[in-house]
Amino acid sequence: MVQALEHEQRFKVDTVATGGAISAQNGNIVVGDRVYRPNAVADEGIASKLNIPLAYLRRMRSDAPDLYDLNVRGWLEREPERRFLLRAFQGAPGTLRAFLSDSYKVIDHLDVLTAALAGVDEADHPIKILGADLTDRRMVVRVESNAVKVMARELLKGYRSPFTGERGDDLPLVSAGFVLANSEVGSGRYTITPQIVVQVCTNGLTITKDALGKTHLGAKLDEGVIRYSEETQARNLSLITSQTRDAVRTFMDHAYVERKLTEIEREAGREIEKPSETIEYVSKRLRFSDSVRESILKHFIAGGQATAGGVMQAVTAAAQTLSDGDAAYELQGQALTAMSLAAAA
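Residues numbered from 1 in each chain as written. Predicted model: local features only at pLDDT ≥ 70, side-chain atom pairs only at ≥ 80, totals over all residues. Heavy atoms only, no water.

Novice: Mind showing me how you'd approach the overall build of the protein here?
Specialist: Summing up its helical and strand segments, the protein has 13 helices and 13 strands in all. Over its C-alpha atoms the protein spans a radius of gyration of 23 Å, differing by no more than 12% from the 20 Å that the globule rule assigns to 345 residues. Going through the 345 residues of the protein one by one, you find that 49% of them count as buried. Within the protein, counting contacts between residues at least 6 apart in sequence, those at least 24 apart form 67% of the total. Looking at the protein as shown, the accessible area adds up to about 16,300 Å², and 48% of this sits on carbon and sulfur atoms. Charged side chains in the protein number 42 positive and 46 negative. The centres of these two groups are separated by 3 Å. (Helix = DSSP H or I, 4+ residues; strand = E, 2+ residues; numbered from the N terminus. Rg over C-alpha atoms; globule rule 2.2 N^0.38 Å. Buried < 20%, exposed > 50% of the residue type's maximum accessible area, 1.4 Å probe, protein only. Contact = heavy atoms within 4.5 Å. Areas by Shrake-Rupley, 256 points an atom, 1.4 Å probe, with all protein chains shown as cover. Lys, Arg positive; Asp, Glu negative; His and termini not counted. Charge placed at Lys NZ, Arg CZ, Asp CG, Glu CD.)

Dropping the structure here:
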């Protein structure tokens with residue numbers, strides 16, 4: 001991941017430009033002599049900032065680029081002094097990866113990762129990296145403690161791994177951990193979120209309500225290509241390092257994990273009498289796709305735990321099977337909400 005981020009860093013260009021200085025040509029965005037092809041995330045930003053329906057924007061680019069150019073130019077010309085931050089990769093053409101407000105605070109992945117690992121070192125806590133994803137939308141790194149393991153007999157009673165068939169009754173252990181996530185393109189703030197990792201299946205129970213994070217909002221940026229000062233970067237790195245150090249000490253702690261297990265187990269033991277109906281209800285409430293709903297039901301049956309906790313485990317297991325890193329991250333973050341909905345259904 002570090003190699004990929006260092007490679008990307010060489011091609012990054014950030015520009016603040018007014019609506020009057022931005023144009024559209026052949027479905028591309030043009031700023032001065034630079035031409036950028038928007039990716040899917042940039043499309044979302046353009047649609048949001050110019051109040052153009054996203055599906056229509058994408059259809060115009062694919063089927064009628066002349067209409068795309070006319071619409072985008074027209075709305076930009078109506079606000080010629082309004083300023084935007086364009087995040088891109090250089091090329092011929094380049095890639096526009098985000099179209100944002102000029103008050104967006106840039107916190108890049110490489111800085112976040114470097115500072116977070118420094119925070120882990122300062123906390124002097126043995127860890128291992130469970131996995132990492134890098135997409136157009138975000139970076140996600142999953143970290144597990146090698147030192148903090150807690151018995152979770154109630155939570156794992158009757159559960160079996162849908163991947164290996166191992167039984168929770170035989171390995172009723174969970175580990176402390178956290179998930180580091182960052183978006184460079186406006187798809188969420190930088191966060192450190194605690195996670196309880198189930199040893200029998202590596203399901204990760206993400207406790208989103210306890211997340212530490214920093215929103216990407218700051219002072220207005222000056223117009224033109226941005227050059228970030230060493231002082232600004234050092235300040236960001238220092239904050240991320242200290243937050244990660246604090247997160248390790250707070251989340252990778254026996255007492256914290258035991259307290260969270262007690263909270264989870266209050267709802268996890270509720271029996272589910274009609275699994276199909278319950279999972280359909282949860283899926284509708286959380287807007288899961290049909291394929292995700294079917295995967296959750298499949299993993300629920302394989303897990304053999306006919307409880308609200310079993311629904312939670314099925315959601316996290318389904319998340320592990322998704323090839324889309326963004327979809328997996330978002331689904332995993334909904335597991336505890338899914339359990340609560342199932343318990344109340």
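Having seen the structure, we can now continue with the description.
Novice: What exactly am I supposed to notice about the environment of Lys274 here?
Specialist: Within the secondary structure, Lys274 is located in the loop between α8 (254-268) and α9 (275-285). Between the alpha carbons of Lys274 and Ala306 there is a distance of 9.1 Å; along the sequence they are 32 residues apart.

Novice: Help me understand the packing of aromatic side chains in this model?
Specialist: Any pair of aromatic rings gets described here by the distance separating the centres and the angle formed by the planes. Following the criterion strictly, the structure yields two aromatic pairs and no others. Considering the side-chain rings of Phe251 and Tyr256, the 5.4 Å spacing of their centres and the 50 degrees angle between planes classify their relative orientation as tilted. Across the pair, exposure class does not vary: Phe251 and Tyr256 are buried alike. Sitting over the face of the ring of Trp75, Arg78 holds its NZ or CZ atom 5.0 Å from the ring centroid. A cation sits over an aromatic face here: Arg97 above Phe89, 4.7 Å from the ring centre. (Phe/Tyr/Trp six-rings, centres within 6.5 Å; stacked < 30°, edge-to-face > 60°. Lys NZ or Arg CZ within 6 Å of the ring centre and 35° of its normal.)

Novice: In this structure, what is going on with the packing of helix α3 (residues 54-63) against helix α4 (residues 65-78)? I would like to understand it.
Specialist: At a minimum axis separation of 5 Å, α3 and α4 run at an interaxial angle of 135 degrees. In terms of orientation, α3 and α4 fall into the oblique class. For the pair α3 and α4, contact is made by Tyr56, Leu57, Met60, Arg61 and Asp63 and by Pro65, Leu67, Tyr68, Asn71 and Val72, respectively. Classifying every residue of the contact of α3 with α4 by side-chain character gives seven nonpolar, one polar and two charged. (Axes fitted to C-alpha atoms, helices over the stretch in contact; angles between N-to-C directions. Parallel < 35°, antiparallel > 145°, perpendicular 65-115°, else oblique. Nonpolar A, V, L, I, M, F, W, Y, C, P; charged D, E, K, R; others polar.)

Novice: What is the right way to look at the side chain of Ser187 in this model?
Specialist: Looking at the element boundaries, Ser187 is found in the loop between β9 (173-182) and β10 (190-198). In this structure Ser187 comes out as buried when scored by relative accessible area, which is 18%. Residue contacts for Ser187: discarding those within four places in its chain leaves Val41, Arg137 and Arg138.

Novice: Would you mind going over unusual backbone geometry with me for this structure?
Specialist: Negative phi is the rule for most residues except glycine; trans is the rule for most peptide bonds. The omega torsion across Ala92 and Pro93 is -5 degrees, close enough to zero to call that bond cis. By secondary structure assignment, the location of Pro93 is in the loop between β5 (83-89) and β6 (94-101). Backbone geometry at Asn26 places phi at a positive 55 degrees, although glycine is not the residue there. Position of Asn26 among the secondary structure elements: in the loop between β2 (22-25) and β3 (28-31). Here the phi dihedral of Asn51 falls at roughly 60 degrees; this positive angle occurs in a residue that is not glycine. Relative to the elements of secondary structure, Asn51 occurs in the loop between α2 (40-50) and α3.

Read these as layout, nothing more, since geometry by itself doesn't imply function.
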